[in-house]
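Residues per chain, in single letters:
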Amino acid sequence: MISLISADEIKEGTSKGIELNNFYMFAVKKDAEVFLYWNRCPHLGTPLEWEEDRFLDPEGALIICSTHGALFEIEGGRCLAGPCKGKHLQAIPFVLDNGMVMIEESTLRVSPPLQ
Ligand code: FES
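Let us look at the structure shown here. Values in this document were obtained by computation on a predicted structure and should not be read as measured data.

Observations concerning the pairing of strand 4 (residues 33–38)
- The element strand 4 is largely enclosed, with a buried count of five among its six residues.
- Inspection of the sheet shows strand 3 (residues 23–30) paired to strand 4 by six bridges, in the antiparallel sense. Residue K30 lies in a different strand from strand 4, and its bridge partner there is E33.
- Hairpin connection of strand 3 to strand 4: two residues between the antiparallel strands, including D31 at a positive phi of 50°.

Topic: the packing of aromatic side chains
- Enumeration according to the criterion identifies three aromatic pairs in this entry.
- Aromatic pair F26 and F55: ring centres 4.2 Å apart, planes at 5°, arrangement stacked. Taken together, the residues span a long stretch of sequence, with F26 in strand 3 and F55 in the loop between strand 4 and strand 5 (62–64) at a distance of 29 residues.
- Judged by its relative accessible area of 0%, F26 is buried.
- Given the relative accessible area of 0%, F55 is considered buried.
- Ring pairing ties together the aromatic residues F26, Y37 and F55, which thus form one cluster.

Structural notes on the pattern of salt bridges
- Taken as a whole and assessed by the stated rule, the structure comprises four salt bridges.
- Close ionic contact of D53 with K16 constitutes a salt bridge, the shortest N to O distance being 3.6 Å. With D53 in the loop between strand 4 and strand 5 and K16 in strand 2 (residues 15–20), this residue pair connects regions lying 37 residues apart in the sequence.
- D53 gets classed as partly exposed once you look at its relative accessible area, which sits at 24%.
- K30 is paired through a salt bridge with E75; the nearest N and O atoms lie 2.9 Å apart. One end of the pair, K30, is in strand 3; the other, E75, is in the loop between strand 6 (71–73) and strand 7 (79–81), and 45 residues separate them in sequence.
- Using a relative accessible area of 37% as the deciding quantity, one classes E75 as partly exposed.

About the cut-offs
Residues numbered from 1 in each chain as written. Predicted model: local features only at pLDDT ≥ 70, side-chain atom pairs only at ≥ 80, totals over all residues. Heavy atoms only, no water. Buried < 20%, exposed > 50% of the residue type's maximum accessible area, 1.4 Å probe, protein only. Helix = DSSP H or I, 4+ residues; strand = E, 2+ residues; numbered from the N terminus. Pairing = 2+ DSSP bridges. Phe/Tyr/Trp six-rings, centres within 6.5 Å; stacked < 30°, edge-to-face > 60°. Salt bridge = Lys/Arg side-chain N within 4 Å of Asp/Glu carboxyl O.

What follows is the structure, encoded as structure tokens:
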């Protein structure tokens, strides 16, 4: 298993970009729960964030793509509005171990790095 980030580093209601070996991911914490996705919009495959670590709309209620404004549920990553409506962000399976977000090494072989 690979340790990505301490869950405590993600403040409630915020998001955090994570890069590992040129693989780009992001995590969101909502209601004390962590959600982890590839940083790739299902519309055109671009990174989502507006600025470093900013993946959420102003209310912190939804994930928003900075390219064309698609809105995604934090839980599940379903696109609610925008050009990829009905598609999903790709979630990354993980476990929490002693407060650390951990992924399988094989996860980094499944999805190619974002250009
Ligand atoms: S690339 Fe994300 S909405 Fe178009």
